[in-house]
Amino acid sequence: MSKRRVTYYYDGDIGSYTYGLGHPMKPHRMHITHDLVSAYGMLDKMQVLRPKRATPEKMTAFHTDEYIHFLSRVTPETAEELTYHGTRFLMGEDNPAFEGVFEFCSISAGGSIAAAQRITSGATDIAINWAGGLHHAKKREASGFCYINDIVLGILELLRSYPRVLYIDIDCHHGDGVEEAFYTTDRVMTCSFHKFGEYFPGTGTQEDKGMDKGKHYTVNVPLKDGITDESFRTVFEPVISKIMDVYRPGAVVLQCGADSLAGDKLGCFNITMNGHAHCVQFLRSFNVPLILLGGGGYTVKNVARTWTYETACAIGIENEIDLNLPWNEYFEWFGPRYRLEVPENNMDDLNVKDGSLDKVRINALHQLAQLPCAPSVGMHDVPRESLGKHLDVEVEDDREEEDAMDDLDRRLAQHARYLYKLQEAGAGSEDSDDEMYDSDGSSYRRNRKRMSIITNRYVDVDAGKGVPRRRFFKSAAKWDETYGRVRLEKEPVLDPGLNGTRTGGLAALMEAGGRSKHLKDVANDEDWEDGASV
């Protein structure tokens, strides 16, 4: 097998975080995997890098500013208040506000972004970030143990250089977060192999094929309990081969969720370590730039075994390593056999029993046959950095935008923040209905339900009475037909003391330079300080 340049991303701090006592997700599994990879002597065969942690600005390439701001300041003590009693951002018990959650997210996202940048620069053929693969996170909320969707952030980075990117998901759970992000575009094809039927997140039928320009570019392969290596291979290979043939991606992202392994605490498949790693070997054979990411996996010792073996597959030495585990810091965890293996169990393969696997494969191939050709898009070179930064003469703290902003602009921005705070504190709760508003003004139902990844049951997250209704800027400002401008709730009047200057409304504030008499209390508010934020 030909040699490939492999880059391996790892931050030693990733294993120091914990979701809480008794929580199924164990970030420590990344540290165990790294220790086992090191014990096998693989680090010398790869370029090992510590990724730069993702900044909030990088994360907002996909997530909303409000959500990222929330993650940067939430703590276990403030979670109840900041989540509005568990009705925003973190809903249910799947995603606790553990200590250091934002740093954890920045490591995970930073690794996937760095892997994508390494691929686009041409410096590597395969990039690995086992701390990534958190595919359930949505644009404005956490889901299924996932807070930041590092996969979407990485793919967005790939799209700067490649017209088409293929995302493949072999986690036991449907990759709903990534699918949702690219559901209406043909520049990213998503293909998810997952368990379906009373199982988190409850999505991923073969009727979900994408919309608008993305129609037919979302492929779902729903499976049933107990699928084995052989059964999985009979559907994985033909579907992926057809996709590679008709879509011709410039790069591939493979989410190697290990909860599809036999014996996983939250999984229900019967796939061995070799069957799982075969997906890596199969994609490696296409000689297309490849990113390997982690994901689910809740039987820690099996996760470490499989990702170690798949690291060997990426390097191309899987036939050379000894399956008897070498001594390592966690050697006793791998008893009683102390081997690099995840054997199958005695589960029945329901996919073969009822013949559903053949139907699923035929439907997927029929969908792919409807694709006319590989879509194209106009591409041009995107500078990786500014000229000033390249010449090392740019000072990051010098913000031209801030320097160009005059005093009136600042005060208007401060007033907007003050107005936002007023609405948060003063919105009535007694007359609250079952409707809420997002920061963009769009409304959605309060009485929402979310499925728990732990119990696979729906959790009611109704806000109930007593929770302020979040209207943001929707109801505070109104258009005045008389003056042709936006005004506040209070009717604007003329102030004789200010030579007839209006004292009400946003336009009045602009005319008075923020010195209007009725805003005296506002000017004294701490949020009017330069640089203040809410």
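Use the structure listed above.
Keep in mind it's a predicted model, so treat the numbers as computed, not measured.

Asker: What exactly am I supposed to notice about helix 1 (residues 28-39) here?
Answerer: Because an α-helix packs 3.6 residues into every turn, residues spaced three or four apart end up facing the same way. For helix 1, spanning 12 residues, the distance from its first C-alpha to its last is 17 Å, which sits close to the expected 16 Å at 1.5 Å a residue. By the burial criterion, the buried members of helix 1 are Arg 29, Met 30, Ile 32, Thr 33, His 34, Asp 35, Leu 36 and Val 37. Looking at the packing, one finds that the buried side of helix 1 touches strand 1 (6-9) and helix 10 (300-315). Residue Gly 41 follows helix 1 closely and has a positive phi angle near 70°.

Asker: Help me understand the pattern of salt bridges, please; the structure alone is not making it clear to me.
Answerer: With the rule as written, the count across this model stands at 15 salt bridges. The shortest N-O distance in the salt bridge between Lys 138 and Asp 176 comes to 2.8 Å. Of the two residues, Lys 138 sits in the loop between strand 3 (126-129) and helix 6 (150-158) while Asp 176 sits in helix 7 (residues 176-181), which places them 38 residues apart along the sequence. This pair shows no difference in class: Lys 138 is buried, exactly as Asp 176 is. Residue Lys 195 pairs with Asp 225 through a salt bridge whose shortest N-O separation is 3.0 Å.

Asker: When you look at the sheet that holds strand 5 (residues 188-195) in this model, what are you seeing that I'm missing?
Answerer: Backbone-to-backbone hydrogen bonds join strands into a sheet, with any given pair of strands oriented parallel or antiparallel. Pairing within the open sheet is parallel, and its 8 strands lie in the order 2-1-3-8-7-4-5-6. For this open sheet the edge positions go to strand 2 (47-49) and strand 6 (218-223), each flanked by a neighbour on one side alone. Each strand of the sheet is rotated relative to its neighbour by a mean of 15°, with strand direction disregarded. The sheet contact formed by strand 3 and strand 8 (residues 290-293) spans 4 bridges and is parallel. From the neighbouring strand, Asn 129 faces strand 8, where its bridge partner is Leu 293. Lying on the sheet, helix 5 (residues 101-120) is in contact with strand 1, strand 2, strand 3 and strand 8; it crosses strand 3 at an angle near 175°. The strands that helix 6 touches are strand 4 (165-169), strand 5, strand 7 (251-255) and strand 8; relative to strand 7, the one it contacts most, it runs at about 175°.

Asker: Is there a simple way to explain the pairing of strand 3 in this structure?
Answerer: Working note: regular strand, side chains alternate between the two faces of the sheet. The alternating pattern of strand 3 places Ile 126 and Ile 128 on one face and Ala 127 and Asn 129 on the opposite face, and all of these are buried. The sheet contact formed by strand 1 and strand 3 spans 3 bridges and is parallel. Paired with Thr 7 across the strands is Ala 127, a residue of strand 3.

Asker: Just checking my understanding: could you explain the packing of aromatic side chains for this structure?
Answerer: Ring pairs (aromatic) are described by centroid distance and by the angle formed between their planes. Applying the stated criterion across every chain yields a total of 20 aromatic pairs. Between the aromatic rings of Phe 145 and Tyr 298, the centroid separation amounts to 5.6 Å while the plane-to-plane angle is 80°, which identifies the pairing as edge-to-face. Here Phe 145 is found in the loop between strand 3 and helix 6, whereas its partner Tyr 298 is found in the loop between strand 8 and helix 10, with 153 residues between them in sequence. Each member of the pair Phe 145 and Tyr 298 is classed as buried. With 5.4 Å between their ring centres and 75° between their planes, Tyr 330 and Trp 333 make a pair best called edge-to-face. Within the aromatic cluster, the residues linked to one another by ring pairs are Tyr 17, Tyr 19, Phe 98, Phe 104 and Tyr 147. One residue, Arg 88, lies across the ring of Phe 89, its end atom 5.1 Å from the ring centre.

Asker: I keep staring at the side chain of Thr 33 and nothing clicks. Help me out?
Answerer: Following the sequence through the fold, Thr 33 ends up in helix 1. Here Thr 33 is in contact with Trp 130, Val 303, Ala 304, Trp 307 and Thr 308, once residues within four sequence places are set aside.

Asker: Sorry, what's going on with the packing of helix 5 against helix 6 here?
Answerer: Between two packed helices, both the angle of their axes relative to each other and the distance between the axes serve to describe the pair. Running from N to C, helix 5 and helix 6 point in directions that differ by 20°, and their axes come no closer than 8 Å. Accordingly, the angle class assigned to the pair helix 5 and helix 6 is roughly parallel. Once helix 5 is placed against helix 6, the crossing between them reads as right-handed. Where helix 5 approaches helix 6, its residues Ser 108, Ala 109, Ser 112, Ile 113, Ala 116, Gln 117, Ile 119 and Thr 120 are matched on the opposing element by Asp 150, Leu 153, Gly 154, Glu 157 and Leu 158. Across the contact of helix 5 with helix 6, the residue classes tally to 6 nonpolar, 5 polar and 2 charged.

Asker: Looking at this structure, I do not really get the environment of Ile 362. What am I missing?
Answerer: Looking at the element boundaries, Ile 362 is found in helix 12 (residues 356-369). Accessibility expressed as a relative area gives 55% for Ile 362, which makes it exposed. Separated by 123 residues in the primary sequence, Ile 362 and Val 239 place their C-alpha atoms 9.3 Å from one another.

Conventions we followed
- Residues numbered from 1 in each chain as written.
- Predicted model: local features only at pLDDT ≥ 70, side-chain atom pairs only at ≥ 80, totals over all residues.
- Heavy atoms only, no water.
- Helix = DSSP H or I, 4+ residues; strand = E, 2+ residues; numbered from the N terminus.
- Expected span 1.5 Å × (residues − 1).
- Buried < 20%, exposed > 50% of the residue type's maximum accessible area, 1.4 Å probe, protein only.
- Contact = heavy atoms within 4.5 Å.
- Salt bridge = Lys/Arg side-chain N within 4 Å of Asp/Glu carboxyl O.
- Pairing = 2+ DSSP bridges.
- Axes fitted to C-alpha atoms, helices over the stretch in contact; angles between N-to-C directions.
- Phe/Tyr/Trp six-rings, centres within 6.5 Å; stacked < 30°, edge-to-face > 60°.
- Lys NZ or Arg CZ within 6 Å of the ring centre and 35° of its normal.
- Parallel < 35°, antiparallel > 145°, perpendicular 65-115°, else oblique.
- Left-handed = near helix turned anticlockwise from the far one by under 90°.
- Nonpolar A, V, L, I, M, F, W, Y, C, P; charged D, E, K, R; others polar.

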